[in-house]
Amino acid sequence: MNIVNVDYDGLIPNNVGLNSDTRVKAALEKWHLGYINWWHDMGPEGFQQSLVYLRTAVSVDPKGWAKFDYVKMPDYKWGILLAPEVPDRKIPFGAHRGEKVWQEVPGEYRAMLRRLIVIQGDTEPASVEQQRFLGKTAPSLYDLRNLFQVNVEEGRHLWAMVYLLQKYFGAEGREEAEELLQRRSGDADTPRMLGAFNEETPDWLSFFMFTFFTDRDGKMQLEALAQSGFDPLSRTTRFMLTEEAHHMFVGETGVGRVIERTCDEMKKAGIADPGNTEAMRKLGVIDLPTIQRKLNLHFSLTLDLFGNEISTNAANAFHAGIKGRFREDKLEDDHRLENGTYPVLRLVGGKIVKEESPALSALNMRLRDDYVAECAAGIGRWNKIIEKYGIPFELKLPHVAFHRQIGEFSKIKADIDGNVLAEADWKKKKDDFLPSNTDRAYIESLMKPESRPGQFASWIAAPKTGIDNKPGDFEYVKIAE
Ligand SMILES: [Fe+2]
Ligand SMILES: [Fe+2]
C-alpha cells in the first residue's frame with residue numbers, strides 16, 4: 001500500500017513511484033532547480049539560513065504523517081504525496097456518476113482539467129510571495145515558525161499541482177509548470193491569476209485574516225476537487241487538505257489571540273466602550289472596530305475567489321465529473337443536478353433579491369454558501385472570547401454584496417448590511433467599513449519583531465499550547481542572520 005511506500009531519501013520524496021517513471025522524474029528534477037531559484041528569490045526574505053522547527057510530511061498515514069525537526073527552509077523536503085487509493089472508487093457525481101474513476105485524463109476534459117489544476121497551483125506560490133516580508137516583523141518565534149510552516153507547505157502544494165501537470169499533460173503541462181514559477185503576486189505585467197492573490201499582506205493581522213479567510217477558500221476548492229472523478233487529482237487534494245487544516249488553525253488562533261489581548265487590556269484599563277479607539281491604541285493593542293474592518297476587507301476579497309454566482313464553467317466541471325460540491329459524498333440527492341434549483345442572491349433592477357436558479361449553474365454560489373457558513377462558525381468562536389470578558393461588542397460577517405469586484409454585486413456599492421449605496425454615500429462611509437490609512441499606519445506601527453523565546457509583541461496573547469507540545473519558551477526558530 002501507498003501508506004508505507006514513501007521514498008523519502010531521494011531529491012524528491014514521493015509515494016508515486018517516481019524512480020521507475022524516468023520521464024517524469026527527469027522533468028521534475030529539472031523543474032526543481034527553477035523552484036529552488038524561485039524560493040530563494042520570492043520565499044521568506046532574510047531567513048533562508050535560519051533553522052526552523054518544521055513538520056515535514058513523511059507519510060500519508062492519517063495517524064502519523066509528519067515529523068518535526070529543525071530545517072533550513074531551502075533544504076525542506078518538498079515531496080509528492082498522494083492519499084491512498086480508494087479501492088474500486090467510482091465517479092461520485094455528474095453525467096459519469098457510478099462509472100470507474102479515471103486514472104488518466106479523459107481527452108474530452110483535458111483543457112478543463114488543466115485549467116483547474118493551473119488555477120489551484122497558481123494560488124500556492126502566490127501566497128508565499130505575498131507573505132515574504134512578514135518574517136521581519138513577527139510578534140514571536142512561535143508565530144514566525146507558523147508563518148514558515150504555512151509557506152513551505154504552500155510550496156509543497158505547488159509541487160502537488162506541478163506533478164499532475166508534468167505527469168498527465170505532456171508538453172503543455174511542462175509549459176504551465178514553468179509559468180507557475182514566472183508569474184509574480186502583484187506584478188503589473190505578470191500577475192498571479194486571481195485577484196486576492198495579488199493583494200498585499202502588509203502586516204500580521206492581515207496574515208492571520210488571510211489564513212483564516214483565504215486559506216479557507218483554498219480548503220473549499222480542494223474539497224470540491226477531492227471529489228473529482230480524475231483520481232490522481234482527488235488523491236493529491238485529499239492529502240493537501242491534511243496540511244491545510246493547520247493554516248486555518250494559524251489564522252483562527254492568530255486573530256483569536258489578538259482579540260484576547262485587546263479585551264484583556266480593555267478590562268485592565270477599565271475602558272468600557274469598545275469604540276474608544278484612541279484609548280485602546282494608547283495601550284498598544286488593536287481595537288475591536290479595526291479588527292472588524294480588517295475582517296470586512298479579507299472576507300470580501302476572498303468571496304471574489306468563488307467566481308460568478310451563475311457560472312457555466314462550474315456547471316460544465318460538475319457535469320463532467322471533474323469538480324464536485326463540498327462533501328459531495330455526504331450529500332443525499334441524485335448527484336447530477338440536472339433538474340433541481342438552488343437559491344441565489346442576484347441583482348435585479350438595482351435591488352438584491354433571492355432567486356431560484358438551475359442548480360448546475362449555481363454551483364459556485366453553493367460552494368460559497370458552505371464557505372460562509374464555516375466563516376460564521378469561526379467568528380462565533382471569536383465572539384465567545386469577547387463575551388468571556390463581558391465586553392459589549394460582536395464581530396460580524398459583512399453582507400456578501402459588500403465590496404465586491406466579481407459577480408452580481410461588482411456593479412453596485414453596498415454597505416456591510418447589504419444596503420445599496422449611491423457612489424457619494426459609499427465614499428463618505430467607506431472608512432467605517434474598510435481599514436483606513438490611519439488604521440493601516442497604526443497597525444504598521446505595532447509591527448516590531450519579538451525574537452526572544454517565549455516573548456510576544458504587545459498586541460497579541462501567547463498561544464494556549466506550543467507546536468508539537470513544546471514548552472512556552474521553546475526556540476522555534478534559530479535565527480541565523
Ligand atoms: Fe495550499
Ligand atoms: Fe494553505
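Now for a look at the structure at hand. Everything numeric here is computed off the predicted structure, so don't read it as measured data.

Observations concerning the overall build of the protein chain
Looking only at helices and strands, the protein chain has twelve helices and seven strands in total. On C-alpha atoms alone, the protein chain measures out to a radius of gyration of 23 Å, which is about the 23 Å that the 2.2 N^0.38 rule sets for 481 residues. With respect to the three principal axes, the spread of C-alpha positions in the protein chain is 65 × 60 × 40 Å. Looking at the 481 residues of the protein chain, the share that counts as buried comes to 46%. Expressed as a percentage of contacts within the protein chain between residues at least 6 apart in sequence, the contacts between residues at least 24 apart total 70%.

Brief notes about the environment of L288
Here L288 shows up in helix 8 (residues 288–303). By C-beta crowding, L288 is classed as buried, having 23 other C-beta atoms within 10 Å. Taking the C-alpha atoms as reference points, L288 and F393, separated by 105 residues in sequence, lie 7.8 Å from one another. When residues no more than four places from it in sequence are discounted, the contact partners of L288 are T262, P274 and F393.

Things to note about helix 6 (residues 231–269)
Spanning 39 residues, helix 6 covers 57 Å between terminal C-alpha atoms, matching the ideal 57 Å at 1.5 Å per step. At T242, helix 6 shows its maximal kink, close to 35°. The positive-phi residue at the C-terminal boundary of helix 6 is G270, with phi of around 70°.

Focus on the pairing of strand 4 (residues 351–358)
In terms of burial, strand 4 is a largely surface element, zero of the eight residues being buried. A loop of two residues connects strand 3 (residues 341–348) with strand 4, the two strands running antiparallel in sequence, and G349 in this loop sits at a positive phi of about 55°.

Notes on unusual backbone geometry
A positive phi is found at L337, a non-glycine position, where the angle reads about 60°. Residue position: L337 is located in the loop between helix 9 (312–319) and strand 3. Of note, H403 is a non-glycine position whose phi angle comes to about 55°, a positive value. Examined against the element boundaries, H403 turns out to sit in the loop between helix 10 (363–388) and strand 5 (413–414).

What about the packing of helix 3 (residues 141–168) against helix 6?
Orientation of helix 3 relative to helix 6, taken along the N-to-C sense of each, is 170°, at an axis distance of 10 Å. One element, helix 3, and the other, helix 6, form an angle in the roughly antiparallel class. For the pair helix 3 and helix 6, the contacting residues are N146, Q149, V150, E153, H157, A160, L164 and Y168 in the first and P232, L233, T236, M240, E243, H246, H247 and V250 in the second. Residue composition of the contact of helix 3 with helix 6, grouped by class: eight nonpolar, six polar and two charged.

A word on the nonpolar core
Counting residues in hydrophobic clusters, the biggest one holds 121 residues, and the most contacted among them are I117, V162, F208, M209, V258 and I259. When residues in this core are grouped by element, the largest group, 16 residues, is from helix 3. Other than its neighbours up to four places away in sequence, V258 contacts L205, F208, I286, I291, W459 and I460.

Considerations on the sheet that holds strand 1 (residues 51–57)
The antiparallel open sheet is built from three strands, whose spatial order is 2-1-7. Each end of this open sheet is capped by a strand with a single partner; those strands are strand 2 (66–72) and strand 7 (477–478). Pairing analysis gives seven bridges linking strand 1 to strand 2, with the strands arranged antiparallel. Opposite L51, over in strand 2, you have K72 as the bridge partner. Contacting strand 1 and strand 7, helix 3 crosses the sheet at an angle of about 40° to strand 1.

Some words on the packing of helix 1 (residues 22–42) against helix 3
Running from N to C, helix 1 and helix 3 point in directions that differ by 145°, and their axes come no closer than 11 Å. As for the relative orientation of helix 1 and helix 3, their crossing is right-handed in sense. Along the contact surface, helix 1 presents V24, A27, L28, W31 and W39, while helix 3 presents G155, V162, Y163, Q166 and K167.

Structural notes on the environment of D21
Looking at the element boundaries, D21 is found in the segment before helix 1. The exposure class of D21 is partly exposed, given the 15 C-beta atoms found within 10 Å. Spatially, the C-alpha atom of D21 lies 9.2 Å from that of K167, the residues being 146 residues apart in sequence.

Details of the environment of R216
Along the chain, the position of R216 falls in helix 5 (residues 204–226). A tally of 21 C-beta atoms within 10 Å means that R216 is categorised as buried. Along the backbone, R216 and M248 are 32 residues apart, and their C-alpha atoms lie at a distance of 6.5 Å. For R216, the residues in contact, after removing those within four places along its chain, are M248, Y371, E374 and C375.

Reading the values: rules and limits
- Residues numbered from 1 in each chain as written.
- Chains lettered and ligands numbered in written order.
- Predicted model: local features only at pLDDT ≥ 70, side-chain atom pairs only at ≥ 80, totals over all residues.
- Helix = DSSP H or I, 4+ residues; strand = E, 2+ residues; numbered from the N terminus.
- Rg over C-alpha atoms; globule rule 2.2 N^0.38 Å.
- Buried ≥ 20, exposed ≤ 12 C-beta atoms within 10 Å, placed from the backbone.
- Contact = placed C-beta atoms within 7 Å.
- Expected span 1.5 Å × (residues − 1).
- Bend = angle between axes of the 7 residues up to and from the residue.
- Pairing = 2+ DSSP bridges.
- Axes fitted to C-alpha atoms, helices over the stretch in contact; angles between N-to-C directions.
- Parallel < 35°, antiparallel > 145°, perpendicular 65-115°, else oblique.
- Nonpolar A, V, L, I, M, F, W, Y, C, P; charged D, E, K, R; others polar.
- Core = buried A, V, L, I, M, F, W, Y, C linked by C-beta atoms within 7 Å.
- Left-handed = near helix turned anticlockwise from the far one by under 90°.

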